[in-house]
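# A closer look at the structure
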Amino acid sequence: MGNFEFLNRKWKELAKLGELAEQYLYSDTNTCFIKMGMLAEHIVKYMLAYDGMAEPDDNNTYAKVGLSSKVCKFFCVFMVAR
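Residues numbered from 1 in each chain as written. Predicted model: local features only at pLDDT ≥ 70, side-chain atom pairs only at ≥ 80, totals over all residues. Heavy atoms only, no water.

Our next topic: the overall build of the chain. If you tally the helices and strands in the chain, you get 4 helices and 0 strands. The secondary structure elements of the chain, listed N-terminal to C-terminal, are α-α-α-α. Counting across all 82 residues of the chain, residues that qualify as buried make up 30%. Here the contacts in the chain between residues at least 6 apart in sequence split such that 35% fall between residues at least 24 apart. (Helix = DSSP H or I, 4+ residues; strand = E, 2+ residues; numbered from the N terminus. Buried < 20%, exposed > 50% of the residue type's maximum accessible area, 1.4 Å probe, protein only. Contact = heavy atoms within 4.5 Å.)

Every α-helical turn comprises 3.6 residues, leaving residues that sit three or four positions apart pointing alike. Taking 1.5 Å of rise per residue, 22 residues should cover 32 Å, and helix α2 (residues 29-50) covers 31 Å from first to last C-alpha, within 8% of that figure. Listed in full, the buried residues belonging to α2 are T31, C32, K35, M36, G37, L39, A40, V44, M47 and L48. A positive backbone phi angle near 70° is found at G52, which sits one or two residues after α2. (Expected span 1.5 Å × (residues − 1).)

Time to look at the packing of aromatic side chains. Enumeration over the complete set of coordinates arrives at 1 aromatic pair. Aromatic pair W11 and Y46: ring centres 6.4 Å apart, planes at 55°, arrangement tilted. Note that W11 is positioned in the segment before α1 (12-24) and Y46 in helix α2, a separation of 35 residues in sequence. In this structure W11 comes out as partly exposed when scored by relative accessible area, which is 34%. Since its relative accessible area comes to 32%, Y46 is described here as partly exposed. (Phe/Tyr/Trp six-rings, centres within 6.5 Å; stacked < 30°, edge-to-face > 60°.)

The next point concerns the packing of α1 against α2. Running from N to C, α1 and α2 cross one another at 160°; their axes reach a closest spacing of 8 Å. What the angle tells us is that α1 and α2 run roughly antiparallel. Like other packed secondary-structure pairs, α1 and α2 cross with a definite hand, here left-handed. Contacts between α1 and α2 involve E13, L14, L17, G18, L20, A21 and Y24 on the former and, on the latter, T29, T31, C32, K35, M36, M38, L39, H42, I43 and Y46. (Axes fitted to C-alpha atoms, helices over the stretch in contact; angles between N-to-C directions. Parallel < 35°, antiparallel > 145°, perpendicular 65-115°, else oblique. Left-handed = near helix turned anticlockwise from the far one by under 90°.)

Everything listed is a geometric property; what it means functionally is a separate question.
Below, the structure is given as structure tokens:
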């Protein structure tokens, strides 16, 4: 059982990205970071939808994260690492 399996009930795509990141953790850390970044981007999309916020016109992750201080604080680590 992986660390992301609990996501399978509601968010299968998030669980899959998390599982892929785990698989690459020791064998290919660059791919692991890419998968974690993709996971973070999907979570940002869900957070914006949950908060009822429209996605920005330029539709990039930096713009999306800037929309909400909650999102920004949560994901700044992933964005710096990538």
